Amino acid sequence: MKKKIIEKKTANEEEKEDKDIDKKTETTDDLNVYSIDYDDSKLNQGETKYPLSSPVHFHLIIGRVKSGKSVLLNNLYLSERFFGNDFKVKILISSTAYNDAINKYMLEDFDYVFSEYSSELLDEILNMIENDEGEGRFLLLLDDIIDSSAMKRGATAKIDGLISRYRHIGNGEIEGKLTIAMATQYFKSISVIARNNATAYYIMGMLPEMELAKISESLSYFGGSSKAFLDIFYRSKKEAYDFLYLSVEHLEARRNHTDLLWKQGDNMYKSAEQLKAETEIKDNNIL
């Protein structure tokens, strides 16, 4: 009697397993992925300025001294041709803010200028933004701050935390109230978090071979390989103070905003052999 009960139980388990298998093999006719409807007015990202970034962005500007970084920053954030009229409040943190003559117009136009960075200052700025009513945006420009001795001692956590969520910083009703631009002399000073959240890169002037190698490895999705990236970089340098503009938002590489050098899809339908052959030709031209 006991044996029969065990056999019956086993049969029920087998029947259950068969049903489970049938469920696993069932398929649906519609496997499409659909967009999600949401109220994008609360994101407060602003109108597109293609080929520029949207008004709410995080820019990384990389270049040595005398490479044109300050001239670019003056144009981007003072001129109405770019983002000059997109911010309610402009804040500059730069150790050379009052020492560099080229900052004259920034000193006149920016609402707050600080020559020293601190975590407490960043907290005050964030608190000001979160308590500000309305849709007005704030610009935070960090000039050579991450190259300072304080940053090299590992004090980037606060800035990295801000960068990782800048798109969503707001007052509870509206997001997109913060834009960040960070200028630095060395690519190696930029944290992985900052690199992964950048809306666009500006690479100013010429750079040492080792620095270029690091950049090409990290940003090889522009071009499809490190070698292809280097080709894009050298093609962007025709005249003094030319810069390479890399838009992560649009996945494009340009010389000085105007000359399109590469765009997403250029390598999409090429075979590995074609890409290898093109890279070898470009390498010979570079050499």
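Here the structure is shown first, and the text comes after it.
Residues numbered from 1 in each chain as written. Predicted model: local features only at pLDDT ≥ 70, side-chain atom pairs only at ≥ 80, totals over all residues. Heavy atoms only, no water.

A.B. asks: Describe helix H6 (residues 157–164), with residues and values.
C.D. replies: Within H6, burial applies to Ile 159, Asp 160, Leu 162 and Ile 163. Seen along its axis, H6 keeps its buried residues to an arc of 160°; they face one direction. (Buried < 20%, exposed > 50% of the residue type's maximum accessible area, 1.4 Å probe, protein only. Helix = DSSP H or I, 4+ residues; strand = E, 2+ residues; numbered from the N terminus. Arc of directions from axis to C-beta.)

A.B. asks: Lay out the packing of aromatic side chains with the relevant residues and their values.
C.D. replies: Counted by the stated rule, this structure contains 9 aromatic pairs. Pairing Phe 233 with Tyr 234 gives two aromatic rings, centres 5.3 Å apart and planes at 75°, and the pair type is edge-to-face. Phe 233 gets classed as buried once you look at its relative accessible area, which sits at 0%. What makes Tyr 234 partly exposed here is its relative accessible area of 35%. Within the aromatic cluster, the residues linked to one another by ring pairs are Tyr 77, Phe 83 and Phe 87. Positioned above the aromatic ring of Tyr 186 is the side chain of Lys 188, whose terminal nitrogen or guanidinium carbon lies 5.7 Å from the ring centre. (Phe/Tyr/Trp six-rings, centres within 6.5 Å; stacked < 30°, edge-to-face > 60°. Lys NZ or Arg CZ within 6 Å of the ring centre and 35° of its normal.)

A.B. asks: Give me the lowdown on the environment of Phe 233, citing residues and values where you can.
C.D. replies: Note that Phe 233 resides in helix H9 (residues 226–235). Separated by 28 residues in the primary sequence, Phe 233 and Leu 261 place their C-alpha atoms 9.2 Å from one another. If we skip the residues at most four places from it in the chain, Phe 233 touches Ile 203, Gly 205, Met 206, Leu 207, Leu 212 and Leu 244. (Contact = heavy atoms within 4.5 Å.)

A.B. asks: Tell me about the pattern of salt bridges, and name the residues and values.
C.D. replies: A full pass over the atoms with the stated rule returns 11 salt bridges. Asp 231 serves as the salt-bridge partner of Arg 235, at 3.3 Å between the closest nitrogen and oxygen. Taken together, the residues Arg 235 and Asp 231, both in helix H9 and 4 residues apart, mark about one turn of the helix. Relative accessible area serves as the criterion here: at 34%, Arg 235 is assigned to the partly exposed category. Overall, the relative accessible area of 9% leaves Asp 231 in the buried class. It is possible to trace a salt-bridge network through shared partners that takes in Lys 88, Asp 132 and Lys 177. (Salt bridge = Lys/Arg side-chain N within 4 Å of Asp/Glu carboxyl O.)

A.B. asks: Run through the packing of helix H4 (residues 119–130) against H6, naming residues and quoting values.
C.D. replies: Packed helices, taken two at a time, are described by the angle between their axes plus the distance between the axes. The interhelical angle for the contact between H4 and H6, taken along N-to-C directions, is 25°, at an axis separation of 9 Å. In terms of orientation, H4 lies roughly parallel with respect to H6. Classified by chirality, the crossing of H6 by H4 is left-handed. Together, Ser 119, Leu 122, Asp 123 and Leu 126 of H4 and Lys 158, Ile 159 and Leu 162 of H6 make up the contact between the two elements. (Axes fitted to C-alpha atoms, helices over the stretch in contact; angles between N-to-C directions. Parallel < 35°, antiparallel > 145°, perpendicular 65-115°, else oblique. Left-handed = near helix turned anticlockwise from the far one by under 90°.)

A.B. asks: With reference to specific residues and values, describe the sheet that holds strand E2 (residues 89–94).
C.D. replies: Within a beta sheet, neighbouring strands are joined by backbone hydrogen bonds and run either parallel or antiparallel to one another. A sheet is described by the order of its strands in space; here 9 strands give the open sequence E3-E2-E4-E5-E1-E6-E7-E8-E9, paired in mixed fashion. On the outer flanks of this sheet lie strand E3 (112–114) and strand E9 (259–263), each paired with one strand and no other. Along the sheet, successive strands turn relative to each other by an average axial angle of 15°, direction set aside. Note: strand E4 (residues 138–143) against strand E5 (residues 178–184), 6 bridges, orientation parallel. Across the sheet, residue Phe 138 finds its bridge partner in E5, namely Leu 178. (Pairing = 2+ DSSP bridges.)

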